[in-house]
Structure formats: C-alpha cells, structure tokens
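Listed below, chain by chain, are the residues.
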Amino acid sequence: MNNIKLAIFDLDGVITSTTKEHYKAWKLLFIKHFGIRLDPSLEVYTKGVSRIESFKVLLEKSKVNLDDPKLIECLANEKNEIYKELISEFDETKICPGVLDLLKYLKQNSIKIALGSASKNAPFLIRKLKLESYFDYIVNPEEKNSKPAPDIFLDALNHFGYKSSEAIAFEDAEAGIESIKNADIYAVGVGDEELKDADIKVKSLKELTPVSLEKIMRGN
Ligand code: B16
Ligand code: MG
C-alpha cells in the first residue's frame, strides 16, 4: 500500500450493524410520546446522521411540531437509553464479515486505524466488540457538525497530521460518503445502498482482498 497511511472506519453498517436497534429505539419513542408508528421507509434518513439530526428528520417527516430544544434533547436521551438496552448483549459475534481480516491487514502494513462514527456510543460498542486494540484513534463526534459535513473525517486526518490523499475511508450511508468526499478522501462504499458518490463500492468488506486493496491504493 503505497502512500496510504490512515484508514478511517464508520461504525454502524461497516464494523457492526446497529441500524435496526437505532430505528427500533426511535419507533418505541414515537409510539410512546406521539402515538405515531414510524414507517420503515424513514429509516434511511437516520443512517449515519447524528442523534439530534435523526430525531429532527423523523419529527419533520412525521409532521410533529416540536421546537423546544430542551424537550428535544430530553427525548433524544430517552431514545439513547432504549438503544443502549437494545445493544447491551452485543459482542464479537456482531462484527461484520471481513472486518477483522481487514483490520489485521492494515496493522501488518503499519497503516493507522481511526474510527469516524457519528455515534456517541462508539467507544462503548468498540469495547463490546473487543476491537479496542486495533484503533489508534476514535473521533469524538461531540460538538462536530453532523455528516455530511466533513468534520468527523477531517478530525481524524488532523489528529495524525496527514493529508487527505494519504487516507482512505469506509462508509455505508449516503450522508457518510458525502462527508468523506467533502473531506476530499478516497471513499469506499459498503453495503446494499447505491452510494453513487463512492470511489469504489463493495457489498461487504469480505470482498476486499490484499490484491484489490493494493489496486485501490495505487489508484488503478
Ligand atoms: P448515537 P455511524 C450513526 O452511526 C448511526 O448510523 C445513526 O443512525 C445514529 O443516529 C448516529 O450514529 C448517532 O448515534 O445516538 O449512538 O450517538 O454510521 O456514524 O457509525
Ligand atoms: Mg454508518
């Protein structure tokens, strides 16, 4: 791997899958407080987007008028308590296919590894998945603009003092790919979504062999 010095990973949808748990927590909250059944089609708007932004988009799509910031924060905290309960049993078996091999390969090649997740629960989940030893840095999403803003990925670059051309980043959500591209970093799209702005798209990280990775790094 030529000049790539840093790999930045999103969490939900790349390292593990917590999308169902996030959305189930929102659904329970909306039923309890607003008597509204959230449609499954709205889930996509919450992927990769911060907790508060997810809440705001769900309120807007459900035509609920809520403009008291304190109440919004309080309900978002309640959703987080439900979510934490739902992920309390997560362990190594919840790591997505191909992740461990890729992390090992990057370590063997002395490439730094960072986590660029919008989730404030990321350090907790990484511990549960027993992956702490692989990560050289975990971005703190607190007080950063939500994806698609580039802030989270730029923070990882700045932490190591690397240029955007020296990094590669992995994302499963449209907002996340936009965030990577806004930071001018090479974007690997992961999963079933179209992710049309990704530089390369794989269904699963299992598809990335050392040979294909070398190719990506060389730009051919
Ligand atoms: P939290 P990612 C994102 O994770 C989730 O996809 C998104 O649904 C969630 O709202 C966001 O984290 C914030 O999570 O409530 O735990 O702080 O894809 O950026 O790893
Ligand atoms: Mg994600």
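Here, the structure is the one placed above.
Definitions and cut-offs
Residues numbered from 1 in each chain as written. Chains lettered and ligands numbered in written order. Predicted model: local features only at pLDDT ≥ 70, side-chain atom pairs only at ≥ 80, totals over all residues. Heavy atoms only, no water. Pairing = 2+ DSSP bridges. Helix = DSSP H or I, 4+ residues; strand = E, 2+ residues; numbered from the N terminus. Contact = heavy atoms within 4.5 Å. Axes fitted to C-alpha atoms, helices over the stretch in contact; angles between N-to-C directions. Phe/Tyr/Trp six-rings, centres within 6.5 Å; stacked < 30°, edge-to-face > 60°. Buried < 20%, exposed > 50% of the residue type's maximum accessible area, 1.4 Å probe, protein only. Donors = N, O, S within 2.8 Å, 3.2 Å for Na, K, Ca; no water.

Student: Tell me about the sheet that holds strand S1 (residues 6–9), residues and numbers included.
Tutor: Strands pair in a sheet through their backbones, by hydrogen bonds, and they do so in one of two ways: parallel or antiparallel. The strand order across the open sheet built from six strands is S3-S2-S1-S4-S5-S6, with neighbouring strands paired in parallel fashion. The open sheet has two free edges, formed respectively by strand S3 (137–138) and strand S6 (200–202), since each of these has just one partner strand. Of the strand pairs in this sheet, strand S2 (residues 112–115) and S3 are connected by two bridges, and their pairing is parallel. Within S3, the residue paired with Leu115 across the bridge is Ile138. Together, S1, S2, S3 and strand S4 (167–171) form the strand contacts of helix H6 (residues 151–160), whose direction differs from that of S1 by roughly 150°.

Student: Account for the packing of aromatic side chains, with residues named and values stated.
Tutor: On inspection of all chains with the given rule, the structure shows seven aromatic pairs. On the basis of an interplanar angle of 65° and a centroid distance of 5.1 Å, the ring pair of Phe30 and Phe34 is categorised as edge-to-face. Of the two residues, Phe30 and Phe34 both sit in helix H1 (residues 19–34), four residues apart, roughly one turn of that helix. With a relative accessible area of 0%, Phe30 lands in the buried category. Since its relative accessible area comes to 23%, Phe34 is described here as partly exposed. Between Phe30 and Phe55, the ring centres sit 5.9 Å apart and the planes meet at 85°, which makes this aromatic pair edge-to-face. One end of the pair, Phe30, is in helix H1; the other, Phe55, is in helix H2 (residues 51–61), with 25 residues separating them in the sequence. Take Phe30 and Phe55: they sit in the same class, and that class is buried.

Student: Break down the coordination of the magnesium ion (ligand 2) for me, citing the residues and quoting the values.
Tutor: Only Asp10 (OD), Asp12 (O) and Asp172 (OD) from the protein reach the magnesium ion (ligand 2) as donors, at distances of 2.0 to 2.2 Å. Of note, the magnesium ion (ligand 2) draws all its donor residues from one chain, in the sequence arrangement D-x1-D-x159-D. A residue pair is termed long-range when its members are at least 10 positions apart, and Asp10 in the loop between S1 and H1 and Asp172 in the loop between S4 and helix H7 (174–182) qualify at 162 residues. The buried category is assigned to Asp10, whose relative accessible area is 3%. In this structure Asp172 comes out as buried when scored by relative accessible area, which is 6%.

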